[in-house]
Amino acid sequence: MPRPIITAALTGPVATKADNAGMPGSVAEIAADAKACYDAGAAVIHIHLRDDQGNMTADLDVAKRTVEAVREVCPGITQLSTGGLAFTYEQRMALVEARPAMATLNPCTMTFGPAEFQNPPEKMMKLAARMIELGVKPEVEIYDTGHLDMMLYLVHKGLLVEPLQVSFVMGVRGGMRGDPQLLSWLVRELPEGTSWQVIAVAKANLPMTTIGLAMGGNARTGMEDTLTLEKGVPAESNLQLVERLVGIAHSMQLEPATVPEVIDRLKLHPELVSGA
Ligand code: KMH
Ligand code: ZN
């Protein structure tokens, strides 16, 4: 079984420091958390931006400063989110101009809890094409079974280049539920050589993440996906969540993948990882 790539999702599009004081709330706090999570075994750091007042932002200058700040403190691979519910598609698209090594690509519009998550096909394909031009590796976020077919269509159109990096997002109201049978069907449909993980939110987080690991997938945790260690027990920090996940991997005798392994497996642009 390949070693699992551990991703730390430090901040999200919904919760903020007001929901859990352990969540980072500035560029400097994001960088410090990135280093702590990298040191604990996370090779990839998934980030929704925060300005220095702790607000969610899609400001390109903040994006550039964040990518730079993480590169300065650790060799972890920065993955910027181009998701987010509070910004226009144009604002979200522009974030790849900060040239992170990776960024997310959400292939379809959907209901997302109480909100609408807009990913219009023409604009989404423009973003996919721009990511190829810049050498930014997309992580495709699949919230429902039809999204997988959209991903395969993008491959067919030359808008996604293999090896693919995929997240199966489970537990969002409006997307698919956390269900092991669904997961096994999805994994079976992936092109050979695809790297995949489960992003399981809220109560699906721990069981589905663990099942994904046991099936040979990668794994993600962090305060974007869960604010609690268990019902009624808030997580203290992203570090605590990463340490727990690495502990689960170790209990299956799985050692987290290193950054050089991830660069090689996902065919990342090494200069975008190091900033050289
Ligand atoms: N917020 C998660 C449910 C993204 O940032 O583009 C999925 C996610 C996608 O992390
Ligand atoms: Zn995200």
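In what follows, the structure referred to is the one given above.
Residues numbered from 1 in each chain as written. Chains lettered and ligands numbered in written order. Predicted model: local features only at pLDDT ≥ 70, side-chain atom pairs only at ≥ 80, totals over all residues. Heavy atoms only, no water.

**Q** Can you break down the coordination of the zinc ion (ligand 2) residue by residue, with the values?
**A** Protein-derived ligands of the zinc ion (ligand 2) are His-46 (NE2), His-48 (NE2), Glu-224 (OE) and Glu-224 (OE), with the metal-ligand distances lying across 2.0 to 2.7 Å. For the zinc ion (ligand 2), the six donor atoms are set out with angles of 52 to 170 degrees between them, so the coordination reads as irregular. Read in sequence order, the donor residues for the zinc ion (ligand 2) give the motif H-x1-H-x175-E. One end of the pair, His-48, is in the loop between strand S2 (44–47) and helix H2 (60–73); the other, Glu-224, is in the loop between strand S10 (218–221) and strand S11 (228–230), and 176 residues separate them in sequence. Using a relative accessible area of 8% as the deciding quantity, one classes His-48 as buried. Residue classification places Glu-224 among the partly exposed residues on the basis of a relative accessible area of 21%. (Donors = N, O, S within 2.8 Å, 3.2 Å for Na, K, Ca; no water. Tetrahedral: all angles 85-135°; square planar, octahedral: opposite > 155°, others 65-115°. Helix = DSSP H or I, 4+ residues; strand = E, 2+ residues; numbered from the N terminus. Buried < 20%, exposed > 50% of the residue type's maximum accessible area, 1.4 Å probe, protein only.)

**Q** Lay out empty space enclosed by the protein in plain terms, naming residues and giving numbers.
**A** Empty space left among the atoms is revealed by rolling a probe the size of a water molecule over them. A full pass over the atoms with the stated rule returns three cavities of 30 Å³ or more. Of the voids in this model, the largest cavity is the one considered here, and its volume is about 110 Å³. Surrounding the largest cavity, 14 residues form its lining, His-48, Leu-49, Thr-57, Gly-83 and Phe-87 being those nearest its centre. Looking at side-chain class alone, the lining of the largest cavity contains six nonpolar, six polar and two charged residues. Considering only enclosed or pocket space, the second largest cavity measures out at about 50 Å³ in volume. Along the walls of the second largest cavity sit Asn-205, Leu-206, Thr-209, Arg-220, Thr-221, Leu-241, Arg-244, Leu-245 and Ile-248, which together make up its complete lining. For the lining of the second largest cavity, the secondary-structure elements that each account for two or more residues are helix H7 (205–214), S10 and helix H8 (238–251). Tallying contributions element by element places H8 first for the lining of the second largest cavity, with four residues. For the lining of the second largest cavity, a count of residues per class yields four nonpolar, three polar and two charged. (1 Å grid on protein atoms, 1.4 Å probe; cavity = no way out; pocket = protein on both sides within 12 Å on 5 of 7 lines; lining within 4 Å. Points joined across faces, edges and corners; volume = space filled by probe spheres on them. Nonpolar A, V, L, I, M, F, W, Y, C, P; charged D, E, K, R; others polar.)

**Q** I'd like to hear about the pairing of strand S8 (residues 165–170), residue by residue, with values.
**A** The buried count for S8 comes to six of six residues, which makes it a mostly enclosed element. Taking every second residue as pointing to the same face, both faces of S8 are buried, with Gln-165, Ser-167 and Val-169 on one and Val-166, Phe-168 and Met-170 on the other. Of the strand pairs in this sheet, strand S7 (residues 137–142) and S8 are connected by four bridges, and their pairing is parallel. Bridge pairing in S8 links Ile-142 to Phe-168. In this view, the connection linking S7 to its parallel neighbour S8 by way of helix H5 (residues 145–156) has right-handed handedness. On the question of chirality, the crossover connecting S8 to the parallel strand S9 (residues 195–200) by way of helix H6 (residues 180–188) is right-handed. (Pairing = 2+ DSSP bridges. Right-handed = clockwise from strand over helix to strand, strands pointing away.)

**Q** Lay out the sheet that holds strand S4 (residues 102–105) with the relevant residues and their values.
**A** One key point about sheets: their strands pair by backbone hydrogen bonds, in either a parallel or an antiparallel sense. Read around the closed barrel, eight strands run S1-S2-S3-S4-S7-S8-S9-S10, paired in parallel fashion. Put simply, the sheet's adjacent strands are angled 25 degrees from each other on average, direction ignored. In the packing of H2 onto the sheet, contacts are made with S2 and strand S3 (77–80), and the angle to S3 comes to roughly 160 degrees. Strands S4, S7 and S8 of the sheet are contacted by H5, whose axis makes an angle of about 150 degrees with S7. (Axes fitted to C-alpha atoms, helices over the stretch in contact; angles between N-to-C directions. Contact = heavy atoms within 4.5 Å.)

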